[in-house]
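# Working through the structure, step by step
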Amino acid sequence: MKRFAFGCMVVLALVVSAYALVAYGALPLGQLVGPEMRANFQVHRFGIYTHVFAASIALALGPFQFSERLRRRFPRLHRTSGRIYLGAGVGLGGLAGLYMSTFAYGGLVSKSGFAALALAWLYSGWRAYRAIRAGNVAEHRRWMTRNFALTLAAVTLRILLPVSAISGIPFALAYPVIAWLSWVPNLLVAEWAVVRKIPAVRPDLRHEAVASG
Ligand code: HEM
């Protein structure tokens, strides 16, 4: 069951990442979104292209960072890929996402939803980085779990959009709600997983955690 869920997560992350790369790498800008969003993207070309390509890197690399087998067999690959994930993916993708949030379709509710997501994404990435630099593996895992749950907002959003359309909810009504619903539940699930699976490590036991990590 655990393997099945992990497999589904990998497939969904790769599919959405491939969608973004094809839609923004091969098609004219904003071809697959509505006219208002397209016009906005055309005014902020640099922001949207930076966001889409950088964030897609995070979405494509992220799942593999959680594979215990890969981490054990190729520790250097885990470190290199982690630096790209956090630096290029979350860092650049998050800053560009924060910038784009100020122009998001759907008014203040959408704008604040995406801005809060971007800030939480950047903050959790920073905490994960600081934790591993300090040698605190358990803390790094906790922050990476939260951070990747937020990366998966890109997947949740693209599941909720068609579901709301099929349900007959007008896009203008659904979009601002989805700007929040795409990540808050993800974060709650991550928090539940963190509490259950990665128990807190007391600072005085930190070295033992690193040694066994
Ligand atoms: C987790 C933090 C993220 C934030 C804060 C964020 C924010 C945004 C914002 C504000 C927009 C513009 C929406 C509008 O104008 O209404 C956007 C669009 C977009 N984002 Fe993100 N995003 C995030 C993650 C990702 C990830 C991980 C991907 C990876 C595929 C991604 C791919 C896209 C794409 C492709 C668009 C263009 C709209 C579309 O074609 O669906 N985003 N994002």
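About the criteria used
- Residues numbered from 1 in each chain as written.
- Predicted model: local features only at pLDDT ≥ 70, side-chain atom pairs only at ≥ 80, totals over all residues.
- Heavy atoms only, no water.
- Axes fitted to C-alpha atoms, helices over the stretch in contact; angles between N-to-C directions.
- Helix = DSSP H or I, 4+ residues; strand = E, 2+ residues; numbered from the N terminus.
- Parallel < 35°, antiparallel > 145°, perpendicular 65-115°, else oblique.
- Left-handed = near helix turned anticlockwise from the far one by under 90°.
- Contact = heavy atoms within 4.5 Å.
- Nonpolar A, V, L, I, M, F, W, Y, C, P; charged D, E, K, R; others polar.
- Expected span 1.5 Å × (residues − 1).
- Buried < 20%, exposed > 50% of the residue type's maximum accessible area, 1.4 Å probe, protein only.
- UniProt positions renumbered as here; feature names shortened; annotations may be inferred.
- Near = heavy atom within 4 Å.
- Polar contact = N/O pair within 3.5 Å; in protein donor to acceptor, adjacent residues only side chain to side chain.
- 1 Å grid on protein atoms, 1.4 Å probe; cavity = no way out; pocket = protein on both sides within 12 Å on 5 of 7 lines; lining within 4 Å.
- Sits in = over half its atoms within 2 Å of the grid points.

An unreviewed UniProt entry lists the protein under the name DUF2306 domain-containing protein, from Thermomonas carbonis.

With that settled, the discussion passes to the packing of helix α5 (residues 75–101) against helix α7 (residues 137–151). In contact at an axis separation of 13 Å, α5 and α7 are set at 40° when each is read in the N-to-C sense. One finds that α5 runs oblique with respect to α7. Between α5 and α7 lies a crossing of left-handed hand. Contacts from Tyr-85, Leu-86 and Val-90 in α5 reach Met-144, Asn-147, Phe-148 and Thr-151 in α7. For the contact of α5 with α7, the class distribution of residues is five nonpolar, two polar and no charged.

For the rest of this paragraph, the subject is helix α3 (residues 45–65). Between its first and last C-alpha atoms α3 spans 30 Å; for 21 residues at 1.5 Å apiece the expected length is 30 Å, and the two agree. Burial in α3 covers these residues: Gly-47, Ile-48, Thr-50, Val-52, Ala-54, Ala-55, Ser-56, Ala-58, Leu-59, Gly-62, Pro-63 and Gln-65.

Time to look at the UniProt feature "transmembrane region" (unreviewed entry) in the protein. Under the UniProt annotation, the feature "transmembrane region" (unreviewed entry) is placed at residues 44–64, 84–106, 112–129, 150–171 and 177–195. Structurally, residues 84–106 is divided into 78% helix and 0% strand, and its ends, taken at the C-alpha atoms, are 32 Å apart. Segment residues 112–129 splits into 100% helix and 0% strand. End C-alpha atoms: 25 Å apart.

Let us now look at the site of the ligand. Around the ligand sit 27 residues in total, of which Tyr-19, Tyr-24, His-51, Tyr-105 and Tyr-175 are the nearest. Contacts to the ligand include Tyr-24, whose side-chain N or O atom sits 2.6 Å from an oxygen atom. Here an oxygen atom of the ligand and a side-chain polar atom of Arg-158 are 3.0 Å apart. Cavity membership is defined here by more than half of the atoms lying within 2 Å of grid points; on that basis the ligand lies in the second largest pocket. Elements with a minimum of two residues in the shell around the ligand: α1 (2–25), α2 (35–43), α3, α5, α6 (107–133), α7 and α8 (153–166). For the shell around the ligand, the leading source of residues is α3, giving six residues. Its residues placed into classes, the shell around the ligand shows 20 nonpolar, six polar and one charged.

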